[in-house]
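# Coordinates in review
Chain by chain, the residues:
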Amino acid sequence: MPTGASATPSRGLAEVAASEASLRRFLAGLPGVDQVGAEARAATLATRSIKTTAKATAIDLAIRMIDLTTLEGTDTEGKVRTLVAKALRPDPLDPGCPSVAAVCVYPDRVGLARQALGAASLHVASVATAFPAGRSSLVVKLRDTADAVEAGADEIDMVIDRGAFLSGRAMAVLDEIVAVKQACGRAHLKVILETGELVTYDNVRRAAWLAMLAGADFVKTSTGKVQPAATMPVTLVMLEAVRDFRAATGRQVGVKAAGGIRSSKDAIRYLVMTGEVAGNDWLDPDWFRFGASSLLNDLLLQRQRMATGHYSGPDYVTLD
Amino acid sequence: MSERLDVRKTYKLFIGGAFPRSESGRSYVVNDAKGRFWANAALASRKDARDAVVAARNAQPGWAGRTGYNRGQVLYRVAELLEGRRGQFVAEVSRGEGLSTRKAEAVVDASIDRWVWYAGWTDKVAQVLGNANPVAGPYFNLSTPEPTGVVAVVAPQDSSLLGLVSVAAPVVATGSTVVVLASETAPLPAITLAEVLATSDLPGGVVNMLTGRAAEVAPWLATHADVNAIDLTGVGDADLAGDLEADAAGTLKRVRRPAGAKTADWTDGPGTDRLGWTMEIKTVWHPMGV
């Protein structure tokens, strides 16, 4: 526990961001991640066998946790409309199938998604801040964020400035997140660490703490545009970070695993890990999300398999 | 010189171009025709069948997308490799089916010839089954056969090589991919055939070979929504065959079920009987537009 010694940890943490030097000292003082240990722990958690009713519950929970995503240059109006329709009724043959948590689109498609959703209570998430590279000026990033919020997004997925982070300018990263958080207003802010570019688990842990110190509501693994995207060990490190952060400050931060999670098996492994590492409080769509598109179809196939007793096939779910 | 140790072989499954053990970890004893222990073979489970269907589905568009001419070349190359392993097949067929060497040689030769027969049909089947239909108007009306997709085949129980080739080869020749449930009592030639396929140019997943009990695995294939057709030729038990046919109806599969209890004589000429049943006829109107 990095702040365990402090009697009033939250006040201690407030001072952390007071200056560049104190912030660097704090981040450098975070305990290093045991790489072999983290990978072994993630691999062990992946071996757990989840069957029958537990599996059915896990599949429905995973569906409710999905941010159904389309982030392509080729996104058309029609694509967004079908995405929203699928988000609302993932399996039209089964009225008992839950809706997903949110749809995630580019800022210029937010208005359309909001309109297509109508009165439904699904969230509309939008990437912003010059996604996915984040290489733009702060003015543009803030305008990008405000645009998306004005169009109706209630969740903003921002990317951190990896260049600044890797060159040690933690304060610049922090200030940017704070500014974007302000531009978000009432919208939830998810901070994408892009772990595939952070190289080490130590960096992932530092970046996660940095984002949480700056006021992130969620920390998110990846944009999905960089390989490797979400992996079990990386997500494990982030789950440890949100758990420790809550213990230190009392504030709970969510985690979103995005990119590369395609099978129900994988999704259930992430749920097991979330429950074991962060705690069951995180096993809720408000605190854990999957950023995915093709995962949903596999979950639906498994769901149909459990409902009908025979294997289903891709002919029985929609094409994306 | 000391005596050599036996190199014993446990026969594995063939799924997606690889040779995995059964997911269940099970195996079963295969006896030769005289009832003596011969080898252990993998006992496939429903999850092996599921994996095989996934592999077959993934391979299907690529295989169907090749020209008939190219498929013919690939299959002919398989026949070349079969010829190279002729001695091994003769030994296995002879021991497994209790045939004399001379009779086993005839069976293996017939199997290789049958493979060549179907290799030759790949680029001709569309001309025979397709048609330019006559219509009373300034249009074209064309019917062309297209592969149905993933086909599950329960191979004949008594004819472990010739019967297997006779039911599986026409399916792949016409562009579908296949999950074969080999003869339960004599599965070894099927796995040896799989070893030939693995070293040929056939893409992984086009042919998948399972060994095990039809009564256990076939119902999962018959109900599987991603299987487009099922061949029940090798299901001896009439009750089971009836159940499987009913199961298959649930997802509108094509079903091929031999009429009557009479066992087929696989040495008869193959003809074109099995070429069309795994194809769907697509008919298009083509306005001349002049």
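Bear in mind that the values here come from a model prediction, so they are computed numbers and not experimental data.

## Focus: the overall build of chain B
Counting its regular elements, chain B contains 9 helices and 11 strands. Considering only C-alpha atoms, chain B reaches an extent of 85 × 40 × 35 Å along its principal axes. Taken across its 290 residues, chain B has 48% of its residues classed as buried. Sequence-distant contacts in chain B: of pairs separated by 6 or more residues, those separated by 24 or more amount to 75%.

## Notes on the interface of chain A and chain B
Contacts between the two partners involve 7 residues from chain A, matched on the other side by 6 residues from chain B. The residue inventory of the side of chain A that touches chain B, partitioned by class, reads 3 nonpolar, 3 polar and 1 charged.

## Re the pairing of strand S4 (residues 155-159) of chain A
Residues and elements named next belong to chain A. The element S4 is largely enclosed, with a buried count of 5 among its 5 residues. In S4, alternate side chains face the same way, and those of Glu155, Asp157 and Val159 on one face and Ile156 and Met158 on the other are all buried. The sheet contact formed by strand S3 (residues 123-127) and S4 spans 3 bridges and is parallel. Bridged to Ala125 within S4 is Glu155. After leaving S3, the chain enters helix H7 (residues 138-150) and then returns to the sheet as S4, a path that is right-handed.

## What about the confidence of the model for chain B?
When pLDDT is averaged across chain B, the result is 94; 98% of the residues are at 70 or more. Overall fold confidence (pTM) sits at 0.90, and the ipTM for the predicted complex is 0.86.

## Thoughts on unusual backbone geometry
All names here are of chain A. Cis geometry is found at the peptide bond from Phe131 to Pro132, where omega equals 0°. As for its position among the elements, Pro132 is in the loop between S3 and H7. The step from Gln227 to Pro228 runs through a cis peptide bond, and the omega angle for that step is -5°. Tracing the chain through its elements places Pro228 in the loop between strand S6 (218-220) and helix H11 (232-249). The phi dihedral of Thr52 is positive, around 45°, even though this residue is not glycine. Among the structural elements, Thr52 can be located in helix H4 (residues 52-64).

## Regarding the sheet that holds strand S2 (residues 27-31) of chain B
Residues and elements named next belong to chain B. Overall, mixed pairing links the 3 strands, which are arranged S1-S3-S2 in an open sheet. What marks the edges here is a single partner per strand, and that holds for strand S1 (10-11) and S2. Direction of pairing for S2 relative to strand S3 (residues 37-42): antiparallel, over a ladder of 5 bridges. Within S3, the position partnered with Ser27 by the bridge is Ala42.

## A short note on the packing of helix H4 (residues 101-121) of chain B against helix H6 (residues 162-173) of chain B
Residue and element names in this part refer to chain B. H6 packs onto H4 with a crossing angle of 10° between their chain directions and a minimal axis gap of 9 Å. Overall, the two elements H4 and H6 adopt an arrangement that is roughly parallel. In this structure, H4 contributes Val107, Ala110, Ser111, Arg114, Trp115, Tyr118, Ala119 and Trp121 to the contact, and H6 contributes Leu162, Val165, Ser166, Ala169, Pro170 and Ala173. Class assignment for the residues of the contact of H4 with H6 results in 11 nonpolar, 2 polar and 1 charged.

## Structural notes on the environment of Asp315 of chain A
With respect to the secondary-structure elements, Asp315 of chain A resides in the segment after helix H13 (294-308). Considering only alpha carbons, one finds Asp315 of chain A and Asp217 of chain A, 98 residues apart in sequence, at a separation of 38 Å.

## Description of the pairing of strand S5 (residues 139-147) of chain B
All names here are of chain B. Strand direction decides the pairing type here: strand S4 (residues 131-132) and S5, joined by 2 bridges, are antiparallel. Note that in S5 the partner of Ala132 across the bridge is Leu142. Counting the residues in the hairpin turn of S4 and S5 gives 6 residues.

## Notes on the nonpolar core
All names here are of chain A. Grouped together as the largest cluster of nonpolar side chains are 101 residues, with contacts concentrated most on Val103, Val191, Ala211 and Val219. Of the residues forming this core, the biggest block, 9 residues, is contributed by helix H10 (residues 201-213). Excluding residues that lie within four positions of it along the chain, Val103 makes contacts with Leu68, Leu83, Val84, Ala87, Ala113, Leu122, Val124 and Ala125.

Criteria and cut-off values
Residues numbered from 1 in each chain as written. Chains lettered and ligands numbered in written order. Predicted model: local features only at pLDDT ≥ 70, side-chain atom pairs only at ≥ 80, totals over all residues. Helix = DSSP H or I, 4+ residues; strand = E, 2+ residues; numbered from the N terminus. Buried ≥ 20, exposed ≤ 12 C-beta atoms within 10 Å, placed from the backbone. Contact = placed C-beta atoms within 7 Å. Nonpolar A, V, L, I, M, F, W, Y, C, P; charged D, E, K, R; others polar. Pairing = 2+ DSSP bridges. Right-handed = clockwise from strand over helix to strand, strands pointing away. pLDDT = per-residue confidence, 0-100. Axes fitted to C-alpha atoms, helices over the stretch in contact; angles between N-to-C directions. Parallel < 35°, antiparallel > 145°, perpendicular 65-115°, else oblique. Core = buried A, V, L, I, M, F, W, Y, C linked by C-beta atoms within 7 Å.

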